Amino acid sequence: MAKKIETMTQIGEYISRGANAFLVQEYKICLIFITIMGLIIKLTVDQKQGWGNFATAISFWTGSLTSIISGFIGMKVAVFSNYRTAYKAQFSLADAFKVAFRAGCVMGFALSSLSLLVLNTLIIIYRAAYTIDPSEKDNLTTEHCPADAKYYECPQAGDSLISSVYEAIAGYGLGGSTIALFGRVGGGIYTKAADVGADLVGKVEQDLPEDSPRNPATIADNVGDNVGDIAGMGSDLFGSFAESTCAALVVLASAGHQRFYTSQFACSDSVKDYVDVAWCSDSDAFLFYPVLLSSLSIIACILCAVFATNIMSVNQTDQIEKTLRYQLIISAIFLAVALLVAGYLGLETPDNAYQMNPAGLNKTSINNLILPVEDGFTIADGAYYDLTPGAAYICCLSGLIVGLMIGILTEYYTSNAYKPVQEVSESCKTGAATNIIYGLALGYLSCVIPVILLGIAAYISHKTLGLFGIALAALGMLSNLAVSLAVDAYGPISDNAGGIAEMAELGEETRNRTDALDAAGNTTAAIGKGFAIGSAAFVSMALYGAFITRSKAAPYNVPASDAFVITDVQVTDALLFSGLLIGAMLPYAFSAMTMKSVGKAALEMVFEIRRQFTDNPKIRTGEVNPDYERCVSISTQASLREMVGPGALVIITPLLVGLVFGPRAVAGLLPGALVSGVQMAISSSNTGGAWDNAKKYIEAGKLKDGDVIKKKGSDEHKAAVIGDTVGDPLKDTSGPSLNILVKLSAILSLVFAPFFQTTGWLVCPLNENPPPNGQFKKCD
């Protein structure tokens, strides 16, 4: 036993060192990029806003560094737990499950808490920094208030420049998503280059077991699980949380053009006397409601996280997926209560307070918030939403329910306990071609119900609270972030444990237990990806609403005649429709680049593995250890090299479109990328997950041809391995990265909206400035 423990810890150390080395190299490149990007934001966005400082740039750097830390925390937790899970699997399936799931919980709660702590700290600092000093009141009023402005539309001493604060904080979400993009793409290329090479040469050509120590790529494959599925996924979901919260804050703070003053409520009934109003000190507490939602959600997840490990018992392999499914359902029930409580705590108004509506709706309401209805992205006369705890709860609950249903549907389409994956396994009887046909069909079909559910939730949320309702639906779906991260991280940890068990030769029974954990892990990973994609749809929609809201008014210190201002969004508009088509094309171009990158990196890996087997036949017999470090080096160099192109496509495209064609073209680009990207991401992730579990279905001896059981080494198994190999870049590189493309394009456009409004170089030469259809700016 002592020898086995020593071997396990040594293998774990190899994996840890490889993951550390890759992340250090990746983050060095990221640090160079974010330094340059932050300076660009300073010179374009912050300068255009007239702030003369680094407000947005600092929040961008903060979000980037928090995302890097999130990825590192996730990786450290995973490499600390993988060999411990393998050790426990020698004795008990239940103990191994507890170690893997509790490790996921540590990651989930650490990342959720860290992201919330940093964001809340940033908000407090910025609000203090942007509070108007009484001595500066006159200058600010003269600078920002037109001559015909009403009293309550101008900044007052003690107020915060509220819209400025939250627009600057939007850089936090941009920083998180930027690192997530490189983490997902770079980590995905790394892990799939090793995985594809190990499968094609090790399994198909050399007929070696999965994760065999005789396979030169096996260490690189296990390292990839940590840098792609753990570190990349941690940064991804951190980015979703940051973006959804920033979108909610920007929309809420900008509703009704309340750009400068935060005092929504007067503490007297003199609502017609705007000059002598007594403002309530806590009248803007409702602006912390989005942050309060996330805070109570973490508490609810902590209370129910013990369910999977302390209440349910996992003694049989068929209980693993059931326990994880029940964990998601129980957490959703707890969260449904927490979201309701958050509404009553966060949307309470001062006693006997009268709302001074900044949109001039001439509406007052005691103990109730109202938001102006946006009709064609202009304020509709006399129309408003009641921002009550009940209305906010409807929006949050719709997102939470749809997120849970997408998770359950993903399980149905990717678990080999259900008919869809079993059909894919059956198709392997006639070869790899039919396996691939069935897998592609499954992925396409799996888009139908989730997209319909997203559409229903979006409709309900928008009808209830407009653009802010969409943002709340995103927060409702992400309220389950801590548990979803735990369930998702469980998969790669179990996968690593299986690899360590095979390399340390812990025996067939131990390997069977880790295989069972891994099979459930493939499903939970698919559920996590489905959750990330669904939340990305809402987050992107909310960010799009924030972009439109921001683009309705000229940047500060810029006259309306010198800025492109969006006054309406019509699909029939030629410039907008052109942007829509380009946006719909982006996911296809991005997927092509990432898949080709995996192919090129895998090609290098295949040649290297073949070379080692050819040069030293004793590797095949186990007499000599392979050169693991060479394969790790190939994956590292290839992924760092190949992640640049897809990353540049996502970042440069919206910047270029906005710079040349102005915000109206970007208003078409974003929904095009959203509609196309979400469906392609769901299809890619579910297809790859189904092929993987179809292979494991055969490896478990569940596929029969008459009375003959088809197992490892059979023709059916080889066909399944080919399908799994094709699906690897779909489910672990292109699919998960597409949701970042959708989110990053939107948050990037929101942050750079003021810059787009003052450039649009070809709008005037193309005569694409016809008021009142979309933009106002005098063309010489």
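A. Just the overall build of the protein, in detail. Regarding its fold elements, the protein presents 21 helices and six strands. When each of the 780 residues of the protein is scored for burial, the buried share is 63%. Considering only intrachain contacts with a sequence separation of at least 6, the fraction spanning at least 24 residues in the protein is 82%. For the protein, the accessible surface area stands at approximately 27000 Å², while carbon and sulfur atoms represent 60% of it.

B. The pattern of salt bridges, seen in detail. With the rule as written, the count across this model stands at 25 salt bridges. With its nearest N and O atoms 4.0 Å apart, the salt bridge here joins Glu423 to Lys419. Here Glu423 pairs with Lys419, and both are found in helix H11 (residues 419-427), just four residues apart, close to one helical turn. Of the charged contacts, one joins Lys695 and Asp724 as a salt bridge, the two residues approaching to 2.9 Å between their closest N and O atoms. Of the two residues, Lys695 sits in helix H19 (residues 644-699) while Asp724 sits in helix H20 (residues 715-751), which places them 29 residues apart along the sequence. The pair formed by Lys695 and Asp724 is uniform in burial state, with each residue classed as buried.

C. Representation of the packing of helix H3 (residues 93-129) against helix H14 (residues 481-503) within the structure. At their nearest, the axes of H3 and H14 sit 7 Å apart, and the two run at 135° to each other. Between H3 and H14, the angle falls in the class oblique. Judged by the sense of rotation from one axis to the other, the crossing of H3 with H14 is right-handed. Between H3, through Phe97, Ala100, Phe101, Ala103, Gly104, Cys105, Met107, Gly108, Phe109, Leu111 and Ser112, and H14, the contact on the second element is made entirely by Leu481, Ala482, Leu485, Ala486, Val487, Ala489, Tyr490, Ile493 and Ser494.

D. Molecular detail of the nonpolar core. Counting residues in hydrophobic clusters, the biggest one holds 207 residues, and the most contacted among them are Ile320, Leu472 and Phe752. Per-element accounting of this core gives the leading share, 19 residues, to helix H6 (residues 218-254). Excluding anything up to four places from it in sequence, Leu472 contacts Tyr289, Leu293, Ala392, Cys395, Cys396 and Leu465. One finds Tyr413, Leu442, Ala690 and Leu730 within the second-largest nonpolar core, a separate group that totals eight residues.

E. Representation of the packing of helix H15 (residues 508-551) against H20 within the structure. Contact geometry of H15 with H20 gives a least axis separation of 7 Å together with a crossing angle of 15°. Relative to H20, H15 is oriented roughly parallel. Of the two elements, H15 crosses H20, and the hand of that crossing is left-handed. Residues Lys529, Ala532, Ile533, Ala536, Val539, Ser540, Leu543, Ala546, Phe547 and Arg550 of H15 pack against Lys731, Asp732, Pro736, Asn739, Val742, Lys743, Ala746, Ile747, Ser749 and Leu750 of H20.

F. Local environment of helix H2 (residues 55-89). In a regular helix each residue adds 1.5 Å, so 35 residues correspond to 51 Å; H2 covers 51 Å between its end C-alpha atoms and thus fits that length. Along H2, the sharpest kink reaches roughly 30°, centred on Ser81.

G. Quick look at a nonpolar patch on the surface. Together, Ile394, Leu445, Val448, Ile449, Ile452, Ile456, Tyr459 and Ile460 make up an exposed nonpolar region whose accessible area comes to about 740 Å². If one sorts the elements of the nonpolar patch by residue count, helix H13 (residues 448-478) sits on top with six residues. By the element assignment, Tyr459 lies in helix H13. Tyr459 sits in the exposed class, given a relative accessible area of 56%.

H. Focus on the side chain of Ser494. For Ser494, the position within the fold is in helix H14. For Ser494, a relative accessible area of 0% gives the class buried. Setting aside chain neighbours within four positions, we find Ser494 in contact with Ala100, Thr514, Leu517 and Asp518.

I. A look at the side chain of Ser331. Following the sequence through the fold, Ser331 ends up in helix H9 (residues 319-346). Ser331 gets classed as buried once you look at its relative accessible area, which sits at 0%. In terms of polar contacts, Ser331 uses its side chain to reach the backbone carbonyl oxygen of Leu328, at 2.8 Å. Excluding its chain neighbours within four sequence positions, the residues that come into contact with Ser331 are Cys304, Asn480 and Val483.

J. Quick look at the environment of Lys710. Secondary-structure assignment places Lys710 in strand E6 (residues 708-710). The spacing of Lys710 and Ala700 is 10 residues in sequence and 9.1 Å in space, taken between C-alpha atoms. Beyond its immediate stretch of four places on either side in the chain, Lys710 contacts Ile698, Gly701, Leu703, Asp705 and Glu716.

K. Broad picture of the confidence of the model for the protein. Model confidence for the protein is summarised by a mean pLDDT of 81, while 83% of its residues fall at 70 or above. Low pLDDT (under 50) marks residues 352-367, which in the prediction has 61 contacts with non-local residues, meaning those over four places away or in another chain. Under a pLDDT of 50 for its full length, residues 375-382 has, in the predicted model, 21 contacts with residues more than four places off or in other chains.

Cut-offs applied
- Residues numbered from 1 in each chain as written.
- Predicted model: local features only at pLDDT ≥ 70, side-chain atom pairs only at ≥ 80, totals over all residues.
- Heavy atoms only, no water.
- Helix = DSSP H or I, 4+ residues; strand = E, 2+ residues; numbered from the N terminus.
- Buried < 20%, exposed > 50% of the residue type's maximum accessible area, 1.4 Å probe, protein only.
- Contact = heavy atoms within 4.5 Å.
- Areas by Shrake-Rupley, 256 points an atom, 1.4 Å probe, with all protein chains shown as cover.
- Salt bridge = Lys/Arg side-chain N within 4 Å of Asp/Glu carboxyl O.
- Axes fitted to C-alpha atoms, helices over the stretch in contact; angles between N-to-C directions.
- Parallel < 35°, antiparallel > 145°, perpendicular 65-115°, else oblique.
- Left-handed = near helix turned anticlockwise from the far one by under 90°.
- Core = buried A, V, L, I, M, F, W, Y, C linked by side-chain atoms within 4.5 Å.
- Expected span 1.5 Å × (residues − 1).
- Bend = angle between axes of the 7 residues up to and from the residue.
- Patch = residues over 30% accessible without salt bridge, like charges linked within 9 Å, V, L, I, M, F, W, Y side chains within 5 Å.
- Polar contact = N/O pair within 3.5 Å; in protein donor to acceptor, adjacent residues only side chain to side chain.
- pLDDT = per-residue confidence, 0-100.

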